[in-house]
Amino acid sequence: MYAALGRWCFRNPWRVLAAWLGIAMAAGLIAGAVGASYGAALATPDSESDRAADVLETHFGSVGSNIGGTIVIKAASGVHDPAVRSAMSELLATVAAIDEVTVSSPYDRSGRQQIAQQGPNAGQIAFADIQMSRSFNVNNAGALGEQIIELIDESGLRDMPGVEVEMGGSWLAGQEPPETEAIGLAFAVFVLIAAVGSVVAMGVTVGTALIGVGIGALTITILSNVVTVPDIAPTLGVMIGLGVGIDYALIILNRFREWLHHGFEPLDAVGAALDSAGRSVVFAGATVVVSLLGLLLIGLPFVAGMGLSAAITVTIVMAGSMTLLPAMLGLFGERMATTKVRGIVAASLIALALLGFGLGIRPLLAAIPVAIAVAMLVAGAFGGTGNPLRRNLRRREPKALRDTAWYRLSRVVQGRPWLFALGGTAVLLLLAAPALGLRLGFSDEGNYPPETTTRKAYELVAEGFGPGANGPLFIVAEVSGPADLGALNGLSGALNQTDGITFASPALPSSDGGAALIRVQPSTGPQDVATETLVHTLRDSVIPASMDGTGVDALVGGAVAFRIDFSDYLAGRMLIFFAAVLGASFLLLMAVFRSVVVPLKAVIMNMLSIGASYGVLVAVFQWGWFGNVLGIEPAPIEPFIPMMLFAVLFGLSMDYEVFLLSRMKEEYERTGDPVNSVADGLAATARVITAAAAIMVVVFGSFVLEDERVVKLFGMGLATAIAIDATLVRMLIVPSTMELLGARNWWLPAWLDRIIPNLRIEGELPGVDRLEASEGAD
């Protein structure tokens, strides 16, 4: 089936290309018609904060949505200065007139607590709460934020001497599309040219990945109108799609070149490449997709939307590698194997332009028209065959497998297996050690870049009211009469005597009289561990003790409580998810390699490499190591990050695992030599694994330059794990452990051999002597 698919695509390139372009156009038209509707609201089934939100929404309107922000003002002359008050009141009235938006003004009768009362800023700092209904999605909120900024500019407040006005809240901040992935693409240009030996082949590899990623992004946009899709999902889709798209295409292309070297005709080489490397790609891609779809079982729309979006993108780029890439091989033919000087010059200029785009150096974009001129005009118009730009570059002849540096490296490792096995494992354990201190939670707006209005608003509120004012708690209860209201006022008194609380308001009845609300300001910020402890203390001891016997069910809600419940919910299911993915992967690998030992080692090594990635994330993002260099403030790790990273990384590491071990197993079955089969397998695959990993490390790592913290987290986590997996694990620990165990690597009990199915990754290609495979290079 795989071979037949590859041959058909090779013979019908225009049909395949037209189909993919047609899909892209259709997706673009549909996405343009329906638009995006990203959501980021957190909901935890049956949690106390979720029940509190329902009560708040029923009796207090948008207060229960947990979707909002603030407008913060600081006036040296005081917020009650007539000119300041008039302009600010007019601004807030205009915002309040917007549909489904509620404004709590500091100038309202109940707004006294929204004006700083103590300290040097007393009377000088005030804030207004902006609440939106639950019908708002991220796009609506971002558009509202832009509208509010325009209204602030038009109000004239910023023109007044000594007046500063800022807008706070992550919902209103919006999100800028990423640009730094262009840095990874610039690097990929040169790595791919070195790996595949052709500018055209490089262009085909990158182009195949970009088409798949583009369709994936459009599909996510369409999907956001059907299910809950977080606003971060498109960025993650681009990040993961680019990495795996280039990776999968490179593996297939490399295998295609190998079969050409064996004397296959191009048509047969394409079929053989898909019947060998293509199987590995489908297996690895399916592993990623299944792991990501496993997130749907967590039961949270926010997490399910991220998993589904990433799974769709991976599926599309995998399909592109299996169909569009063979078609491009048929379309470009022999040009895939040649490179002219003009191609290198043009590719270098395009890489320079991509680098400029990613780093925000716009003048470097001028390299694009220069590249076109070099490729199409200068090289073709002058000098005929004597034009040096039209000269073909001489290709370096590949070395015999056992003459490569990779073969020699494997023999060195195999010569001291205990040293490399124990040393490599010790390094992994050392890197993973900080993960023992992993704390799940959400970072607050204090982690935004210092120049943003969101960060400035956060700091102004903290300056005037204390850090806890940025994350108030709402204690709400339904009431049926004055006795219930009195019980809640008694609770308010108890709260004001509780450590960790700056103040608690009296019980404020709703307009319909059916509920009452106590606003609580912690003494610590939203992301502080003390605030999390306070929420649990209120629920476990303070509220039960105060409300015992009253019949009033007081619930702790608000955005901070929402996030704590969300984190606790995911933490309780994380190990179950990990165990399910590890167990399924072990069974799949056992069926593929007909061994118990190899899949067990693979699972352990993958856990260690992913654990090392977690350790690096904790050290950098939670502890703040190198924070000044990377623009990072210490904060807890977002609770969905470990699961998403685990799902993606386990599938990607399986890709390298299958690619490397299948070649070792192939050599072992052919020769029966457990020693040289390891070295030959490593030498045959090391170059493409290293090239693919290097590209993914830079593509993922480039996202660390983005401003958004979650994007930085994903980028560094993925880049770190891939770098560790492709070097320390695949090049040192795997060959050393294979040497130590020898033929026992392939042990499988006879009774188990009869039970499990035979999932063969490498296709049957009789009559091909693979010993002299020469895809490796020094």
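It should be noted that the structure appears before, not after, this text.
Every chain begins its residue count from 1, and numbering advances along the sequence as written. Where totals are concerned, whole chains, interfaces and linings use all residues; where local detail is concerned, this predicted model gives features only for residues with pLDDT of at least 70, and gives and counts side-chain atom pairs only at 80 or more. Note: side-chain values were computed over all heavy atoms of the structure, leaving out hydrogens and water.

This part covers the overall build of the chain. For helices the rule is a DSSP run of H or I covering at least 4 residues; for strands it is a run of E covering at least 2, with both sets numbered from the N terminus onward. Check the secondary structure of the chain and you find 25 helices and 9 strands. A globule of 778 residues ought to have a C-alpha radius of gyration of about 28 Å, and the chain, at 30 Å, matches this closely. When the backbone C-alpha atoms are referred to their principal axes, the chain occupies close to 90 × 70 × 45 Å. The long-range share in the chain, meaning contacts at least 24 apart out of those at least 6 apart in sequence, stands at 80%. All accessible-area figures derive from a Shrake-Rupley calculation using a 1.4 Å probe, and residue coverage is judged against the displayed protein chains alone. Summed over all atoms, the accessible surface of the chain reaches about 30,400 Å², with 62% contributed by carbon and sulfur. When charges are tallied, Lys and Arg are placed among the positive residues and Asp and Glu among the negative ones, while His and the ends of the chain are skipped. We put the charge of a Lys on NZ, of an Arg on CZ, of an Asp on CG and of a Glu on CD. Of the side chains in the chain, 47 bear a positive and 67 a negative charge, and the two mean positions are spaced by 14 Å. Radius of gyration means the value over C-alpha atoms here, while the globule rule gives 2.2 Å times the residue count to the 0.38 power. Contact between two residues is taken to exist if any of their heavy atoms lie within 4.5 Å; hydrogens are not considered.

Next up on the list: the nonpolar core. To qualify as a nonpolar core, a set must consist of buried Ala, Val, Leu, Ile, Met, Phe, Trp, Tyr and Cys residues joined through side-chain atoms within 4.5 Å. Each residue's exposure class comes from its accessible area (1.4 Å probe, protein chains only) as a fraction of the maximum for that residue type: buried when under 20%, exposed when over 50%, partly exposed otherwise. Counting 156 residues, the largest nonpolar core has L292, F577, F640, I641, F646, F700 and F714 as its most contacted members. Those residues within four positions of L292 in sequence are excluded, and the remaining contacts are G307, A310, A311, V314, M644, A647 and V648. Listed in part, the 38 residues of the second largest apolar core include A75, A126, M167 and A233.

Salt bridge, as used here, is a side-chain nitrogen of Lys or Arg placed within 4 Å of a carboxyl oxygen of Asp or Glu. Tallying each qualifying case throughout the model produces 14 salt bridges. Close ionic contact of R439 with E532 constitutes a salt bridge, the shortest N to O distance being 3.5 Å. One end of the pair, R439, is in the loop between α15 (417–432) and α16 (453–465); the other, E532, is in helix α18 (residues 529–547), and 93 residues separate them in sequence. A salt bridge links E459 to R455, with the nearest nitrogen and oxygen atoms 2.8 Å apart. Taken as a pair, E459 and R455 lie in helix α16 at a separation of 4 residues, close to a single helical turn.

This next bit is on the packing of helix α7 (residues 181–196) against helix α12 (residues 341–359). It is at 7 Å that the axes of α7 and α12 come closest, and there the two elements cross at 160 degrees. Judged by the inter-axis angle, α7 sits roughly antiparallel to α12. When the axes of α7 and α12 are compared, the crossing they make is left-handed. In contact with A182, I183, L185, A186, V189, F190 and I193 of α7, α12 contributes I344, A347, S348, A351, L354, L355, F357, G358 and L359. Charged means Asp, Glu, Lys or Arg here, nonpolar means Ala, Val, Leu, Ile, Met, Phe, Trp, Tyr, Cys or Pro, and polar covers whatever is left, Gly included. A breakdown of the residues in the contact of α7 with α12 according to their chemical character gives 14 nonpolar, 2 polar and no charged. In this analysis an axis means a line fitted to C-alpha atoms, helices contributing only their contacting stretch, and an angle means the value between N-to-C directions, from 0 to 180 degrees. Each angle receives one of four descriptions, namely roughly parallel if under 35 degrees, roughly antiparallel if over 145, roughly perpendicular if within 65 to 115, and oblique otherwise. What makes a crossing left-handed is the near helix being turned counterclockwise from the far one by less than a right angle; a clockwise turn instead makes it right-handed.

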